[in-house]
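Residues per chain, in single letters:
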Amino acid sequence: MAAEQNGVKMPSTEENKENSIDQSIGLEILQIIKDSQQQHGLRHGDYQRYRGYCSRRLRRLRKALGFKMGNRHKFTGKKVTVEMLSDNRYLLLVLMEAERAWSYAMQLKQEANTEPRKRFHLLGRLRKAAKHGDQLEKLCESPNVDAKTKLEAQAYTAYLTGMVQFELQEWKSAMEAFNNCKTIYEKLASAFTEEQAVLYHQRVEEISPNIRYCAYNIGDQNAINDLMQMRLSAGGGGGMMAEKLESLITQTRAKQAAVMSEVEWRGRTVPIKIDKARIFLLGLADNEAAITQADNEETKEHLYESLLAECRDTIQAVREELRTDVKQRERATDVAESSKVSNLQYLHSYLTYIKLWTVVKRNESMAHSLQTKLKEPQTDENKRGPRPQDLIRLYDIILQSLAELSSLQGLEEDHTFQKELSLKTLVYKAYRCFYIAQSYVLVKKWSEALVLYERVLKYTKEVQSKAKSLSNNLKDLPDVQELIAEVNAEKYSLQAAAILDTEDIAELPSQQQIKDTTPLSDRLDNFRLDSNLLSKQPNLVQFPPDFQPIPCKPLFFDLALNHVVLPPLDDKVEQKGKGGIAGYFKGFFGFGS
């Protein structure tokens, strides 16, 4: 913002990208667009901020060039003509007008998800951007403009035209325009050095998903596989490219989902009437294949998170339909029919199973990665590495998900399913118990760790005994034999470490085993090297000193007073005489005494 407030001088430094020696006009269109977009909002998908930047830059350009549209009171429209091309800023003026219209269209596209009528405004702004692009291409046909700028203007115009046709679902026209754009950028990339060609290759990668989507809509059924491969190559990060690929893949699946009507799971066929569930189930196999093909943990984690988010949204859509279905079943008069699990409820159970089992696989993948790092030697002591406690938490989540799977509606009577879950629970309990033992080994609690290792062997024996009838269901589980071998090796290491730890304690000198806190004044006759005497707080005397008993002053209590009988004093006390009624009157009238 500070750069924008500097006024008129900025265009002369930032906006004149290229002016060659022979007075020909040049403009690095793609470089200017990419730099502006990355610095002003599009790194975070904020098209409104970028549109505001384009408007402010247009105002600065018009002021610097004296290219005003009328005055304060009246608008007078002007167009840039070929005769005005004495400065490349005139080309930049048209380019910024196209970018402003394009960014407004992309902003409306985001808002059209909740307000469909904004799509009409979106198309209008895209057509406006394409119109400015055509004007830029015609201006660049002037002999004063160099060849590179002409090619970039043609590619930019083809891109905007393709975007308009893409939104209008004119797939063939859009594909032709995008292919023209791609061809020009590839030719430009081959004509320059590798450093300069990076930007053109990035632009080609951005256009490729749109081309494959157009090809699919024209009739190429392999286009969805190409889009999935592009998503894998995009890596685990987010960004505009990944969001664009996700949107195109979802649109492609929506078209394929129209022919999907039912799904079969555990011997029961369930009709699917919810479009969101169709789209999700149709892409489930592709998502799982993409996770398997992911070459690094970051990409795999991103794909797991996107699959879980999509699954949660689908479950929410089915749950809303299920509320209506439950009300209708409550009105049913047939008790036997109402007690049976409905197709919608069974579909909900199936989707919940997919979600919980995906959580299990994701945590197992994270646990496998941590196990590998745990076995590697630590190079940096200051950096905190993985610990067994981290793995314990992951296996706790796995066991919790398996417990929720056992209570799914419609599967209570499926004994094979319950046996499979109990077998999987035993396997993950064994791994959890193993890493709890490892955490005890780190704090040298040998006996507790040994007991836990024995518990691990007990779990593995139960798994081996139960796995004979369910051998096909062990393919997705960790290898139990490998765990048994590792436990046996850890047991021998633990016993050796416990014996060595005991010998180290026995070999310590007696003065180091027992810390003597006797002060120096009380052990003057015993010589002993005590480094504490040379410290800042030597133990010389007992302070404060201990209390010693001393005689105290006696206290006297008069205990005999309670037992003394005092003599009567009645004869000593003066008694009043009794005068009768005559005495009463004498006293009343005041005479007599």
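Per chain, residues are indexed from 1 in the order of the written sequence. Predicted model: local features are reported for residues with pLDDT of at least 70 only, side-chain atom pairs are reported and counted for 80 or more only, and whole-chain, interface and lining totals are derived from all residues. Note: side-chain values were computed over all heavy atoms of the structure, leaving out hydrogens and water.

Under the annotation held in an unreviewed UniProt entry, the chain carries the name Signal recognition particle subunit SRP68 and is attributed to Danio rerio. The chain has a UniProt comment under Sequence similarities (unreviewed entry) that states "Belongs to the SRP68 family." UniProt positions are given in the numbering used here, feature names are shortened, and annotations may be inferred rather than shown by experiment. As its UniProt record puts it under Function (unreviewed entry), the chain is described as follows: "Component of the signal recognition particle (SRP) complex, a ribonucleoprotein complex that mediates the cotranslational targeting of secretory and membrane proteins to the endoplasmic reticulum (ER). The SRP complex interacts with the signal sequence in nascent secretory and membrane proteins and directs them to the membrane of the ER."

Some details on the packing of helix H2 (residues 29-39) against helix H8 (residues 194-218)
Running from amino to carboxyl end, H2 crosses H8 at an angle of 70°, the nearest separation of the two axes being 11 Å. Accordingly, the angle class assigned to the pair H2 and H8 is roughly perpendicular. In this structure, H2 contributes Leu-30, Gln-31 and Lys-34 to the contact, and H8 contributes Leu-199, Tyr-200, Arg-203 and Glu-206. When residues are sorted by character, Ala, Val, Leu, Ile, Met, Phe, Trp, Tyr, Cys and Pro go into the nonpolar class, Asp, Glu, Lys and Arg into the charged class, and all the rest, Gly among them, into the polar class. Of the residues in the contact of H2 with H8, the class split is three nonpolar, one polar and three charged. Here, axes are lines fitted to C-alpha atoms. For helices the fit covers the stretch in contact, and angles between N-to-C directions go from 0 to 180 degrees. Only DSSP runs of H or I covering at least 4 residues are called helices, and only runs of E covering at least 2 are called strands; the numbering of each starts at the N terminus. To sort the angles, those under 35 degrees are grouped as roughly parallel, those over 145 as roughly antiparallel, those from 65 to 115 as roughly perpendicular, and the leftovers as oblique. Whether two residues touch is decided by their heavy atoms; if any such pair falls within 4.5 Å, the residues are in contact.

Topic: the environment of Gly-410
Structurally, Gly-410 is set in the loop between helix H15 (388-405) and helix H16 (415-442). Whether a residue is buried, partly exposed or exposed follows from its accessible area with a 1.4 Å probe, protein chains only, as a fraction of its type maximum: under 20%, in between, or over 50%, in that order. Taking relative accessible area as the criterion, Gly-410 reaches 29% and is therefore assigned partly exposed. Those residues in contact with Gly-410, other than ones at most four positions away along the chain, are Val-341 and Tyr-346.

A look at a positive patch on the surface
Only residues whose relative accessible area exceeds 30% and that take part in no salt bridge are eligible for patches, with like-charged residues grouped when within 9 Å of each other and nonpolar side chains (Val, Leu, Ile, Met, Phe, Trp, Tyr) grouped when within 5 Å. Accessible surface is estimated by sampling points in the Shrake-Rupley manner with a 1.4 Å probe; for residues, cover comes only from the protein chains shown. When a carboxyl oxygen of Asp or Glu lies within 4 Å of a side-chain nitrogen of Lys or Arg, that pair is called a salt bridge. Counted as positive: Lys and Arg. Counted as negative: Asp and Glu. His and the chain ends are not counted at all. To locate a charge, take atom NZ for lysine, CZ for arginine, CG for aspartate or CD for glutamate. Among the surface-exposed residues, Lys-79, Lys-128, Lys-131 and Lys-138 lie close enough to one another that they form a single positively charged patch. Topologically, Lys-131 is positioned in helix H5 (residues 118-139). Of the residues examined, Lys-131 reaches a relative accessible area of 52% and is grouped as exposed.

As for the packing of aromatic side chains
Pairing of aromatic rings covers Phe, Tyr and Trp, the last through its six-membered ring, and needs centres within 6.5 Å; plane angles under 30 degrees mean stacked, over 60 mean edge-to-face, and all others mean tilted. Tallied over the entire structure, the rule returns 17 aromatic pairs. Summarising the aromatic geometry, the rings of Trp-265 and Tyr-350 are spaced 4.9 Å apart at their centres and angled 35° between planes, so their arrangement reads as tilted. Of this pair, Trp-265 sits in strand E3 (residues 262-265) while Tyr-350 sits in helix H14 (residues 343-375); the two residues are 85 residues apart in sequence, bridging distant segments of the chain. Taken as a pair, Trp-265 and Tyr-350 share a single burial class, namely buried. For the pair Phe-434 and Tyr-435, a centre-to-centre distance of 5.0 Å together with 80° between the ring planes defines the contact as edge-to-face. With respect to class, Phe-434 is no different from Tyr-435; both count as buried. Feature note: the residues Tyr-395, Tyr-428, Tyr-431, Phe-434, Tyr-435 and Tyr-453 constitute an aromatic cluster, connected by ring pairs. In this scheme, Lys NZ or Arg CZ marks a charge over a ring once it lies within 6 Å of the ring centre and within 35 degrees of the ring normal. Looking at Lys-78, its charged tip hangs above the ring of Phe-67, at a distance of 5.7 Å from the centre.

Concerning H5
In a helix, the anticipated span is given by 1.5 Å times the number of residues less one. Over its 22 residues, H5 runs 32 Å from end to end, which matches the ideal 32 Å to within 8%, given 1.5 Å per residue. Of all the positions in H5, only Leu-122, Leu-123, Leu-126, Ala-129, Ala-130, His-132, Gly-133, Leu-136 and Leu-139 are classed as buried.

Concerning the packing of H14 against H15
Packed helix pairs are specified by the crossing angle of their axes together with the interaxial distance, meaning the distance between the axes. The geometry of H14 relative to H15 is characterised by a closest axis approach of 9 Å and an angle of 165° between their N-to-C directions. The orientation of H14 with respect to H15, classified from their angle, is roughly antiparallel. Every pair of crossing elements has a handedness; the one defined by H14 and H15 is left-handed. For the pair H14 and H15, the contacting residues are Tyr-353, Leu-356, Trp-357, Val-359, Val-360, Asn-363, Glu-364, Met-366, Ala-367, Leu-370, Gln-371 and Leu-374 in the first and Pro-388, Asp-390, Leu-391, Leu-394, Tyr-395, Ile-397, Ile-398, Ser-401, Leu-402, Glu-404 and Leu-405 in the second. Partitioned by chemical class, the residues of the contact of H14 with H15 number 17 nonpolar, three polar and three charged. In this scheme the handedness of a crossing depends on how the near helix is turned from the far one: anticlockwise by less than a right angle means left-handed, clockwise means right-handed.

Regarding the nonpolar core
By convention a nonpolar core is built from buried Ala, Val, Leu, Ile, Met, Phe, Trp, Tyr and Cys residues, the set being connected through side-chain atoms within 4.5 Å. Core analysis: the biggest nonpolar cluster contains 68 residues, and Leu-281 and Ile-354 have the highest contact counts within it. Sorting the residues of this core by element identifies E3, helix H11 (275-293), helix H12 (297-330), H14, H15, H16, helix H17 (446-466) and helix H18 (480-506) as the ones contributing at least two each. It is H16 that contributes the most residues to this core, 13 residues altogether. Each domain's extent was defined by an automatic or database domain assignment. Both domains that meet at this core, namely domain 2 (246-329 + 342-374) and domain 3 (396-499), each give it at least three residues. If we skip the residues at most four places from it in the chain, Ile-354 touches Phe-280, Leu-281, Leu-284 and Cys-311.

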